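Chain by chain, the residues:
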Amino acid sequence: MSKVRTAFFCQNCGAQTSKWIGYCPACKQWNTYVEEIIEKSSSASGGITGTSAGKKPSLISDISIQIHERILTGNNEFDRVLGGGIVPGSVILIGGEPGIGKSTLMLQLALQLDKRKVIYVSGEESEQQIKMRAERIRSTNGKPASPDQCYLLTETTLDDIFQHLKTLSPAIVMIDSIQTMRSSVIDSSAGSVSQLRECTAELVQFAKKNHVPVFLVGHITKDGTLAGPKVLEHMVDVVLQFEGDRNYLYRLLRTLKNRFGSASELGIYEMAASGLREVANPSEMLVSPREEPVSGTAVCVMMEGVRPMLIETQALVSSAVYGTPQRTTTGFDIRRLNMLLAVLEKRCGFRIGSKDVFLNIAGGIKVEDPAIDLGVISAILSSKEDSPVNIKTCFAAEVGLTGEIRPVNLIEQRIAEADKLGYDHIFISKNQVKSISRKNFRISVVALNKVEEVYMKLFGSK
Ligand SMILES: [Zn+2]
């Protein structure tokens, strides 16, 4: 077979063709194909195929299971997101938008793992820059991490990196970022699909052969896909996504894929000047502590994966200053807000068509859970009436187009969380009351059918 010298790769999904095409049949995107130089045919450059020469087929019953003890990082949120620590030999991809704090998270982990030899390979920053950041992290963490165990390497050529890994034999490898790495096997530039694929394949092979966990930092484009290829997601064992709004303090570490544990875990961090601080009890952080009730706020119980969290929604309803009323949201889908406002207007006769409505989810967290609908409506009503909702009341229900209060998933966990945090009342859908088997909640459950009833329950008769 003749050698393929160039090929075209879809920069979105990594699909490969020999000719340029305008439309990717694999991921249905336009204009994503870019020509990349490759020296070897794809079957030879794959790296992971046909490497374990000399392996024989063995009987399943003869294979002994080696249970490797997981490595605990000492960072509880991180360990939990991984499903109980790092599995030796696993490859973990951490994706996130540039500037969100992936490098800080990695470096912090490297310093926290002070009993193991960690090598942090950076193709992004200079040694001095990393050192300065490490000093900042260390100065506030109190405990001086033993500097002898954390190695820094600023290198982008994979072959050189492997040389260093051989002599150093570290316990954990961190690559920041995979987009800056180059393998000499492929001739195209760093960050191209074929390079990404080759570098990842070589690092996966290294991890499996040496039982050394490898972390890969990957940049994500604005629309949330890993820059370039989804291909990487298939090659690695664990995919974590680090997200948050740069202007806010909170960062979420979400599991998108985990071969060794649940794929719906979530870790929460707070960005401090010195690094990332774990938020062990998010419900307490995301609800503003207050003694006196304030109008326009309502507490909702949302689920992030399998973790219930209480979150505060804040609404401001005021007379429109300009002709067209404004609708602005932070952390909440604006179309959903418009729908909820329309429901309030149409079904319940609340006149808010001529009002400006601003809605804010505390902490800059994006919420997609429909269970916060009822809380959003309550916050809006509370602001409109300028009458506060009881601070010991919270909400967990979806609102439908006809104004019906609809059930949400995992309601018992939500009630339990609100109960644990000392709330007195939780508003849920009437359709769901029967399905609650646990009756030993201290919190009183208020069941509702229609959105009109919310108003009656909260503010009495009109
Ligand atoms: Zn594609």
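Residues numbered from 1 in each chain as written. Predicted model: local features only at pLDDT ≥ 70, side-chain atom pairs only at ≥ 80, totals over all residues. Heavy atoms only, no water.

K.L.:
For this particular structure, what's the right way to read the overall build of the protein chain?
P.N.:
Each helix and strand counted, the protein chain has twelve helices and 21 strands in total. Along the first, second and third principal axes, the C-alpha set of the protein chain runs to 80 × 55 × 55 Å. In the protein chain, which comprises 462 residues, the share counted as buried stands at 49%. Of note, the protein chain has its 54 positive side-chain charges centred 4 Å away from the centre of its 50 negative side-chain charges. (Helix = DSSP H or I, 4+ residues; strand = E, 2+ residues; numbered from the N terminus. Buried < 20%, exposed > 50% of the residue type's maximum accessible area, 1.4 Å probe, protein only. Lys, Arg positive; Asp, Glu negative; His and termini not counted. Charge placed at Lys NZ, Arg CZ, Asp CG, Glu CD.)

K.L.:
What am I meant to see in the side chain of aspartate 79 here?
P.N.:
With respect to the secondary-structure elements, aspartate 79 resides in helix H2 (residues 76-81). Despite its burial, aspartate 79 pairs with no opposite charge; the closest candidate is arginine 70, at 8.3 Å N-O. Each residue touching aspartate 79, except ones within four places of it in the same chain, is listed here: Ile71, Leu72, Thr73, Gly74, Gly84 and Gly85. (Salt bridge = Lys/Arg side-chain N within 4 Å of Asp/Glu carboxyl O. Contact = heavy atoms within 4.5 Å.)

K.L.:
Explanation requested: the nonpolar core in the structure shown.
P.N.:
Leu344, Leu374, Ile380 and Val451 are the most contacted members of the largest nonpolar core, which totals 48 residues. Counting residues per element, this core draws most heavily on helix H9 (residues 334-348), which supplies seven residues. Formed jointly, this core draws a minimum of three residues from each of two domains, domain 2 (71-280) and domain 3 (287-459). Those residues in contact with leucine 344 that sit more than four places away from it in its chain are Gly349, Phe350, Ile352, Ile377, Ile380, Leu381 and Val451. Within the second largest apolar cluster, 31 residues are counted, among which are Ile71, Val81, Leu109 and Tyr269. (Core = buried A, V, L, I, M, F, W, Y, C linked by side-chain atoms within 4.5 Å. Domains from an automatic or database assignment.)

K.L.:
It is not clear to me how the domain arrangement of the protein chain should be interpreted in this structure. Could you clarify?
P.N.:
Quoted interface sizes are often the accessible area lost when the parts come together. On domain assignment, one finds that the protein chain holds domain 1 (1-43), domain 2 (71-280) and domain 3 (287-459). Averaged C-alpha coordinates put domain 2 and domain 3 at centres separated by 38 Å. Listed per partner, the contact involves 13 residues of domain 2 and nine residues of domain 3. Buried area between domain 2 and domain 3, summed over both chains or domains, comes out near 900 Å², and the portion from carbon and sulfur atoms is 56%. When the buried surface of domain 2 facing domain 3 is broken down by residue, Tyr248, Ser264 and Leu266 rank first, second and third, together holding 42% of it. Along the contact surface separating domain 2 from domain 3 lie zero salt bridges. On inspection of domain 2 and its partner domain 3, the count reaches zero residue pairs in polar contact (both at pLDDT 80 or more). For the side of domain 2 that touches domain 3, the elements supplying multiple residues, two or more each, are H2, strand E10 (250-258) and strand E11 (266-272). (Buried area = accessible area lost by both parts, 1.4 Å probe. Polar contact = N/O pair within 3.5 Å; in protein donor to acceptor, adjacent residues only side chain to side chain.)

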